[in-house]
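Observations on the three-dimensional arrangement
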Amino acid sequence: MSVFAKFENLIGRILVPIAEKIDKQPHLSAVKKGMVVLTPILLLGSMAYPLKALKNVFSDSVAVQEWFANNVYLIDLLIKFSLGFIAIYTVIAIAYFLSEGYKIYTVGAIALSLFAFLIMTTSVNTDGSLDVKFFDSKGLFTAIFISIACVEIYRFFTKHKLVIRMPEGVPDFVSSSFELITPTAFIAILFLTLRYFIADVTGGLLLPEIVMDVLAPVVGSLDNLFVVWFVIMLRLLFWFFGIHSAVLSPILSPIFVQYLSENIAAKQIAAELPHFVTGGTFSAFVNFTGSGVTLGLVIAMMIAKTQRYRKVGQVSLVPSLFGINEPVLFGAPIILNPILFIPFVLGGSLIGLFPLVLMKYGFLAKPFFDPPYLPLFFEGYLTGFDWKTPFVQMIQIVASFCVYYPFFRIMDKQEMAREAQLKAEKEKKSVFSKKDEELLDELGLDF
């Protein structure tokens, strides 16, 4: 057995079971689905600052300036009710998907989760108004924990029949409402007690403040380039063995959301943006033209000497321009191909990390917008509206070609030898002359 085969078996024994457990684990699955559902809200919220920037673009227009003077509060509302309430939406989304997976009353699970979240995160100001400062990204991890806990409590009560059962014939919505009475009472007592205990021990702190203090090392770790590089390589390693990198999204997505929210808040007050990594930068730069920045390989395949690779390159080109590289991942293939392991995992991670290094040290604008999937250069430019972005991504493309091409040449030569062998075998068996064979090939007939 070759060294690579041994390595493949070792990684397969380690990574595949982990990925399968993560994907099937109900809580992580609910978090992953919940964060995906939040994408439109995050998109709208991150669009708000670029909209406010239009005031500066049309600085000579009296009508535009007057509109902003009278109506800029509408854009502020967009920010407040999107990113400013992201923890609320997280509670709803995760409670929904987790309760749906357990086949329990989803509306009840959402109501209980929201109820508990409000108990643990809100306080009353001296003027009688509610303080909702933890409804934004500062309450995000608390929202995740509370929604999971409340759904599990509700599931426990229904599973062990600790609920009020209504007689047959009572409408389902009425029966479900009565079932909520006992878990609601339990959750109210539990979380009120927990709030009192936390406040008593910590001198008045709320749960989100404790959670953020505990998770600070984990959340802050993604501001480290070496940690980010490790995460990128791990994602590509999963891909290399045919495992979708989305298995890491339950861990990464909440951190990315928090980073984006903090960058937008800093942008609003003209402060320095604190983070160089968000979901948008991963999509636009780390996954530029697809995981592993594979456009260079696609270009190399399009100028290949073998017909097979030229066709795969042609088919892969347009999807790659939109960041979709499954055709080349499975068509080259990259997956489980020992020749492309080094350029894909090591080379692809370094090329994807390159723009983030520039952001970290101020040579490229840090992100404050998570744009939708857009073709070449547009998505990267929109993350921070920096004119240098297209030039940086051109460097990525050139680097990608330089990294992949030497390894691809090995594959192309192997394919040339295989095609030559097949052609020789075909000529040996053929009853047609060479001229007839060429004519048949042109006609595209298959015998």
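Residues numbered from 1 in each chain as written. Predicted model: local features only at pLDDT ≥ 70, side-chain atom pairs only at ≥ 80, totals over all residues. Heavy atoms only, no water.

**Thoughts on the overall build of the protein**
- When you go through the protein residue by residue, the secondary structure sums to 21 helices and two strands.
- In terms of principal-axis extent, the alpha carbons of the protein reach across some 95 × 70 × 45 Å.
- Across the 447 residues in the protein, those meeting the buried criterion constitute 45%.
- Of the contacts made within the protein by residues no fewer than 6 positions apart, 72% connect residues no fewer than 24 positions apart.
- Surface accessibility of the protein: about 22,900 Å² in total, with carbon and sulfur atoms responsible for 68%.
- Charge-centre separation for the protein: the mean point of 35 positive side chains lies 7 Å from the mean point of 35 negative side chains. (Helix = DSSP H or I, 4+ residues; strand = E, 2+ residues; numbered from the N terminus. Buried < 20%, exposed > 50% of the residue type's maximum accessible area, 1.4 Å probe, protein only. Contact = heavy atoms within 4.5 Å. Areas by Shrake-Rupley, 256 points an atom, 1.4 Å probe, with all protein chains shown as cover. Lys, Arg positive; Asp, Glu negative; His and termini not counted. Charge placed at Lys NZ, Arg CZ, Asp CG, Glu CD.)

**Here's the deal with the environment of Ile110**
- Here Ile110 shows up in helix α7 (residues 106-121).
- Discounting chain neighbours no more than four positions away, the residues touching Ile110 are Ile92, Ala95 and Tyr96.

**Side note on the pattern of salt bridges**
- A full pass over the atoms with the stated rule returns six salt bridges.
- Across the pair Arg155 and Glu152 runs a salt bridge, and its minimum N-O distance is 3.6 Å. Within this pair, Arg155 and its partner Glu152 are both found in helix α8 (residues 140-159), separated by three residues, close to a single helical turn.
- According to the relative accessible area criterion, Arg155 is partly exposed, its value standing at 29%.
- Note that Lys388 is salt-bridged to Asp386, the shortest N-O span being 3.1 Å.
- The structure contains a network of salt bridges with shared partners spanning Arg308, Glu415 and Arg418. (Salt bridge = Lys/Arg side-chain N within 4 Å of Asp/Glu carboxyl O.)

**Regarding unusual backbone geometry**
- With an omega of -10 degrees, the peptide bond running from Ala332 to Pro333 counts as cis.
- By the secondary structure assignment, Pro333 is in the loop between α17 (326-331) and α18 (341-360).
- Phi is positive for Val293, which is not a glycine, with a value near 45 degrees.
- Here Val293 shows up in the loop between α14 (279-286) and α15 (295-302).
- Phi at Phe377 is positive, roughly 75 degrees, even though this residue is not glycine.
- Phe377 sits in the partly exposed class, given a relative accessible area of 23%.

**Structural notes on helix α10 (residues 181-202)**
- Across its 22 residues, α10 extends 32 Å between first and last C-alpha, which sits within 8% of the 32 Å expected from 1.5 Å per residue.
- Turning to α10, its buried residues number three or more, namely Pro183, Ile187, Ala188, Phe191 and Ile198. Down the axis, α10 shows its buried residues gathered within 135 degrees of arc, on one side only. When the buried face of α10 is taken as reference, the exposed residues oriented beyond 90 degrees from it are Ile189, Leu192, Tyr196, Phe197, Asp200 and Val201.
- At its buried positions, α10 is contacted by α7, α8, α9 (172-179) and α11 (207-221).
- Positive phi appears at Gly203, one or two residues downstream of α10, with a value of about 80 degrees. (Expected span 1.5 Å × (residues − 1). Arc of directions from axis to C-beta.)

**Some points on the packing of α7 against α10**
- At a minimum axis separation of 9 Å, α7 and α10 run at an interaxial angle of 20 degrees. Taken together, the axes of α7 and α10 are roughly parallel relative to one another. As for how α7 packs across α10, the hand of that crossing is right-handed. Residues Leu112, Phe115, Ala116, Leu118, Ile119, Met120 and Thr121 of α7 form the contact with α10, whose own contacting residues are Pro183, Thr184, Ile187, Ala188, Phe191, Leu192, Leu194, Arg195 and Ile198.
- The class makeup of the residues in the contact of α7 with α10 is 13 nonpolar, two polar and one charged. (Axes fitted to C-alpha atoms, helices over the stretch in contact; angles between N-to-C directions. Parallel < 35°, antiparallel > 145°, perpendicular 65-115°, else oblique. Left-handed = near helix turned anticlockwise from the far one by under 90°. Nonpolar A, V, L, I, M, F, W, Y, C, P; charged D, E, K, R; others polar.)

**Some points on helix α13 (residues 249-268)**
- Relative to the 28 Å expected for 20 residues at 1.5 Å per residue, α13 spans 28 Å between its end C-alpha atoms, a close match to the ideal helical length.
- Burial within α13 is extensive, with 15 of its 20 residues counted as buried.
- At the exit of α13 stands Ala270, carrying a positive phi of roughly 60 degrees.

**Observations concerning the packing of aromatic side chains**
- Tallied over the full model, the rule gives 16 aromatic pairs.
- Here the aromatic rings of Tyr96 and Phe97 are separated by 5.2 Å at their centres, their planes lie at 80 degrees, and the arrangement is edge-to-face.
- What makes Tyr96 partly exposed here is its relative accessible area of 33%.
- When the centroid spacing of 5.8 Å and the interplanar angle of 15 degrees are considered together, the rings of Phe368 and Phe385 count as stacked. Placement of the pair is Phe368 in the loop between α18 and α19 (378-384) and Phe385 in the loop between α19 and α20 (389-429), with a sequence separation of 17 residues.
- With relative accessibility at 33%, the residue Phe385 sits in the partly exposed group.
- Members of the aromatic cluster, each reached through a chain of ring pairs, are Phe81, Phe85, Phe117 and Phe135. (Phe/Tyr/Trp six-rings, centres within 6.5 Å; stacked < 30°, edge-to-face > 60°.)

**Some words on the nonpolar core**
- Phe191, Val228, Ile334 and Phe344 are the most contacted members of the largest nonpolar core, which has 111 residues in total.
- Tallying contributions element by element places α8 first for this core, with 11 residues.
- The residues contacting Phe191, other than those within four sequence positions of it, are Ala116, Ile119, Met120, Ile146, Cys150 and Ile153. (Core = buried A, V, L, I, M, F, W, Y, C linked by side-chain atoms within 4.5 Å.)

**A look at the side chain of Thr158**
- Checked against the element boundaries, Thr158 lands in helix α8.
- Residue classification places Thr158 among the buried residues on the basis of a relative accessible area of 18%.

**Quick notes on the packing of α8 against α11**
- Packing of α8 against α11 leaves a shortest axis separation of 9 Å and a crossing angle of 110 degrees. One element, α8, and the other, α11, form an angle in the roughly perpendicular class. Together, Phe141, Thr142, Phe145 and Ile146 of α8 and Leu207, Pro208, Val211, Met212, Leu215 and Val219 of α11 make up the contact between the two elements.
- Of the residues contributing to the contact of α8 with α11, the split by class is nine nonpolar, one polar and no charged.

Worth remembering: the numbers are spatial, not functional.
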